[in-house]
Amino acid sequence: DAGVIQSPRHEVTEMGQEVTLRCKPISGHDYLFWYRQTMMRGLELLIYFNNNVPIDDSGMPEDRFSAKMPNASFSTLKIQPSEPRDSAVYFCASSLWTGASNTGELFFGEGSRLTVL
Amino acid sequence: SQQGEEDPQALSIQEGENATMNCSYKTSINNLQWYRQNSGRGLVHLILIRSNEREKHSGRLRVTLDTSKKSSSLLITASRAADTASYFCATVPYNTDKLIFGTGTRLQVFP
């Protein structure tokens, strides 16, 4: 398997523009997570899905952020409008449920580095 | 919000030495995991320890878990320059299925 695939790897945009980040999880995985990493705040969980259904979006910072998972093979994270403080590396990760005690062994993509000018 | 705090924030050692990183967390957990992140890359899972386990080994890695103190440690023995990376602990809080990461330790191993 190719692993978790994210695109784009790098995005530079201007404040106010819409940004869409994409993720293809590992085939057969039933959980998908979106994280944001910054120097100041570390790794923050934004939202996660189970079987394409959003389970917890309490980490989504504002209404400007939205995430969808229309099918088991694809998810998007959208920021509209973007602001300079959204600059960060956004990671997508997927995992397979194998019981509560094993929960969370995540496979990460390489990340999308977003710079908002 | 972050569940775990790691100590030290940064660690520099010579090749061949052992590296120990500590993690403290706040709530009851299902399991605790350690991840590694090379600069500019995604995180890679290293090892998982369940809440009813106290110690686990994988190659040069040794992880301990003390649920009474809500703490864990990661020991890397006989370190190599290639071990240079950031290391994160992460917990699955009890009765949840989400992974919350700590603040990380930056490890530098000098040849």
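This report concerns the structure included in the present document.

The rules we used
Residues numbered from 1 in each chain as written. Chains lettered and ligands numbered in written order. Predicted model: local features only at pLDDT ≥ 70, side-chain atom pairs only at ≥ 80, totals over all residues. Heavy atoms only, no water. Helix = DSSP H or I, 4+ residues; strand = E, 2+ residues; numbered from the N terminus. Buried < 20%, exposed > 50% of the residue type's maximum accessible area, 1.4 Å probe, protein only. Contact = heavy atoms within 4.5 Å. Areas by Shrake-Rupley, 256 points an atom, 1.4 Å probe, with all protein chains shown as cover. Lys, Arg positive; Asp, Glu negative; His and termini not counted. Charge placed at Lys NZ, Arg CZ, Asp CG, Glu CD. Disulfide = S-S within 2.5 Å.

Each helix and strand in chain B was counted, giving 0 helices and 11 strands. Counting helices and strands in the order they occur from the N terminus, chain B gives β-β-β-β-β-β-β-β-β-β-β. In terms of overall dimensions, chain B has C-alpha extents of about 45 × 25 × 20 Å along its principal axes. Residues classed as buried in chain B amount to 50% of the 111 residues present. A separation of at least 24 residues holds for 56% of the contacts in chain B among residues at least 6 apart in sequence. As displayed, chain B offers around 5,200 Å² of accessible surface, 45% of which is attributable to carbon and sulfur atoms. Charge separation in chain B, taken as the distance between the mean sites of 13 positive and 10 negative side-chain charges, equals 4 Å.

Following the criterion strictly, the structure yields 2 disulfides over all chains and no others. At a sulfur-sulfur separation of 1.8 Å, the disulfide partner of C23 of chain A is C92 of chain A. Because the sign of the S-S torsion sets the handedness, a value of about -65° for the bond joining C23 of chain A and C92 of chain A places this disulfide among the left-handed ones. On the criterion of sequence distance, the pair formed by C23 of chain A in strand β3 (residues 19-24) and C92 of chain A in strand β9 (residues 88-95) is long-range, its members being 69 residues apart. Overall, the relative accessible area of 1% leaves C23 of chain A in the buried class. One disulfide bridge connects C23 of chain B with C89 of chain B, the sulfur atoms lying 2.0 Å from each other. On the sign convention where negative means left-handed, the S-S torsion of about 65° between C23 of chain B and C89 of chain B marks this disulfide as right-handed. Taken together, the positions of C23 of chain B in strand β3 (residues 19-25) and C89 of chain B in strand β9 (residues 85-93) put the pair 66 residues apart, joining distant regions of the chain. Like C89 of chain B, C23 of chain B is buried.

That is the geometry; function is a separate question.
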